[in-house]
Amino acid sequence: MSKNLIITLCLLVVAALGIGLLVYLDGDEATTAQGAARPTAPGDGPEEQPTAPADVLVRENSRYLDQVEDAQVTVVEFLDFECEACRAQYPVMERLREDYDGRINMVIRYFPLPGHLNSGPSAAAVEAAARQDALDEMYQRMFETQGEWGESREDQSEVFVGFAEDLGLDMDEFVETMESEETEARVQADFDDGLLLGVQGTPTIFVNGRPAPSMPSHEVLSAMIDSELE
């Protein structure tokens, strides 16, 4: 067998192996794309997801951003003020509040993720502000400034105290409440309720007890709310 023929045969074998490898990789990519898990929306699939029990979803001491007498719809969000996904969801929730002002309840529940050093202190600061009727203001301040203090490896409680000063709160009362065991227990109680409801991350949102898909758009949440209003 000539040297040229041997080289030609070798090149043909290498080419065949390359084509086979490309087919294999293409097939793997297609399987991954089609088989990847996606968020499940209520009513999606053969069985609708169960509704969360109302007495766990909203407690007597739960914090309302908006509360409407005889509201037909209550939207509940389990959130972490240090969570970047919650920050991304924040404009959607604020737009919903505008669109449905005076028609629905909006409730927040604290769900500080263990991996975030300042998720607990920020929740405690929001709770302390709520005790002085400044829930909405501190809630907004946390998300609007998250880029300044989030993901820090140091305690940012002094930053939150500065927010309270800016809001004109009683500082002695604020600091005492923020650092109290009662507030720590209050935040933990929300977290425990989240675990009971199957919350695994933030943001997790419920509309009248029905879980929304992960990171729901304004359109998705509006459709869920409109369905309940009808």
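Criteria and cut-off values
Residues numbered from 1 in each chain as written. Predicted model: local features only at pLDDT ≥ 70, side-chain atom pairs only at ≥ 80, totals over all residues. Heavy atoms only, no water. 1 Å grid on protein atoms, 1.4 Å probe; cavity = no way out; pocket = protein on both sides within 12 Å on 5 of 7 lines; lining within 4 Å. Points joined across faces, edges and corners; volume = space filled by probe spheres on them. Helix = DSSP H or I, 4+ residues; strand = E, 2+ residues; numbered from the N terminus. Nonpolar A, V, L, I, M, F, W, Y, C, P; charged D, E, K, R; others polar. Pairing = 2+ DSSP bridges. Contact = heavy atoms within 4.5 Å. Axes fitted to C-alpha atoms, helices over the stretch in contact; angles between N-to-C directions. Parallel < 35°, antiparallel > 145°, perpendicular 65-115°, else oblique. Left-handed = near helix turned anticlockwise from the far one by under 90°. pLDDT = per-residue confidence, 0-100. Phe/Tyr/Trp six-rings, centres within 6.5 Å; stacked < 30°, edge-to-face > 60°. Buried < 20%, exposed > 50% of the residue type's maximum accessible area, 1.4 Å probe, protein only.

Structural notes on the layout of surface pockets
Take a probe with the size of a water molecule and roll it over the atoms, and the empty space left behind shows itself.
Moving on, step 1. Computed from the structure, the second largest pocket encloses a volume of approximately 210 Å³.
Moving on, step 2. As for the second largest pocket, its lining consists of Pro112, Gly120, Pro121, Ala124, Ser157, Met178, Glu179, Ser180, Thr183, Glu184, Val187 and Gln188.
Moving on, step 3. Elements represented by at least two residues in the lining of the second largest pocket include exactly helix H4 (119-130) and helix H9 (181-196).
Moving on, step 4. In terms of residue class, the lining of the second largest pocket is built from five nonpolar, five polar and two charged.

Observations regarding the sheet that holds strand S1 (residues 63-66)
Moving on, step 1. Strands sit in the order S1-S3-S2-S4-S5 across an open sheet of five strands; the sheet is mixed. Sheet topology places S1 and strand S5 (210-211) at the edges, where each strand pairs with a single neighbour.
Moving on, step 2. Pairing between strand S4 (residues 204-207) and S5: two bridges, direction antiparallel. Bridge assignment links Phe206 to a residue of S5, and that residue is Pro211.
Moving on, step 3. Contacts between helix H5 (residues 135-144) and the sheet are confined to S1, strand S2 (73-79) and strand S3 (104-110), with S1 contributing the most and set at about 85° to the helix.

Some details on empty space enclosed by the protein
Moving on, step 1. The tally for this structure, following the rule as stated, stands at one cavity of 30 Å³ or more.
Moving on, step 2. Taken as a whole, the largest cavity spans an internal volume of roughly 40 Å³.
Moving on, step 3. Leu65, Val75, Glu77, Met93, Met106, Val107, Ile108 and Tyr139 together form the lining of the largest cavity.
Moving on, step 4. Within the residue set of the lining of the largest cavity, elements represented by two or more residues are S2 and S3.
Moving on, step 5. Looking at the lining of the largest cavity, the element that brings in the most residues is S3, giving three residues.

Concerning the packing of helix H3 (residues 84-99) against helix H10 (residues 218-229)
Moving on, step 1. Where H3 meets H10, the closest approach of the two axes is 10 Å, and the angle between their N-to-C directions is 40°. If you check the angle between H3 and H10, you find them oblique. The two elements H3 and H10 cross, and the hand of that crossing is right-handed. Residues Gln89, Val92, Met93, Arg95, Leu96 and Asp99 of H3 form the contact with H10, whose participating residues are His218, Glu219, Leu221, Ser222 and Ile225.
Moving on, step 2. Grouping the constituent residues of the contact of H3 with H10 by class yields five nonpolar, three polar and three charged.

Quick look at the environment of Ile205
Moving on, step 1. Relative to the assigned elements, Ile205 resides in strand S4.
Moving on, step 2. Look past the residues within four positions of Ile205 in its chain and what remains in contact with it is Val75, Val76, Glu77, Gln89, Met93, Arg210, Pro211, Ala212, Pro216 and Leu221.

Digging into the confidence of the model for the protein chain
Moving on, step 1. Per-residue confidence for the protein chain gives a mean pLDDT of 85; residues scoring 70 or more make up 79%.
Moving on, step 2. Below pLDDT 50 for its whole length, residues 1-47 participates in 18 contacts with residues either more than four positions away or in separate chains.

Remarks on the packing of aromatic side chains
Moving on, step 1. In total, this model carries ten aromatic pairs according to the counting rule given.
Moving on, step 2. Where Tyr139 meets Phe143, the ring centres are 5.6 Å apart and the plane angle is 85°; that geometry is what we call edge-to-face. Residue Tyr139 and its partner Phe143 are located together in helix H5, separated by four residues, close to a single helical turn. Grouping residues by exposure puts Tyr139 and Phe143 together as buried.
Moving on, step 3. Connected via pairs of aromatic rings, a cluster forms that spans Phe78, Phe111, Phe191 and Phe206.

A word on the pairing of S4
Remark: a regular strand shows side chains that alternate across the two faces of the sheet.
Moving on, step 1. Going residue by residue along S4, you find Thr204 and Phe206 tucked away on one face and Ile205 and Val207 tucked away on the opposite face as well.
Moving on, step 2. Direction of pairing for S2 relative to S4: antiparallel, over a ladder of four bridges. Across the sheet, Val75 pairs through a bridge with Val207, a residue of S4.

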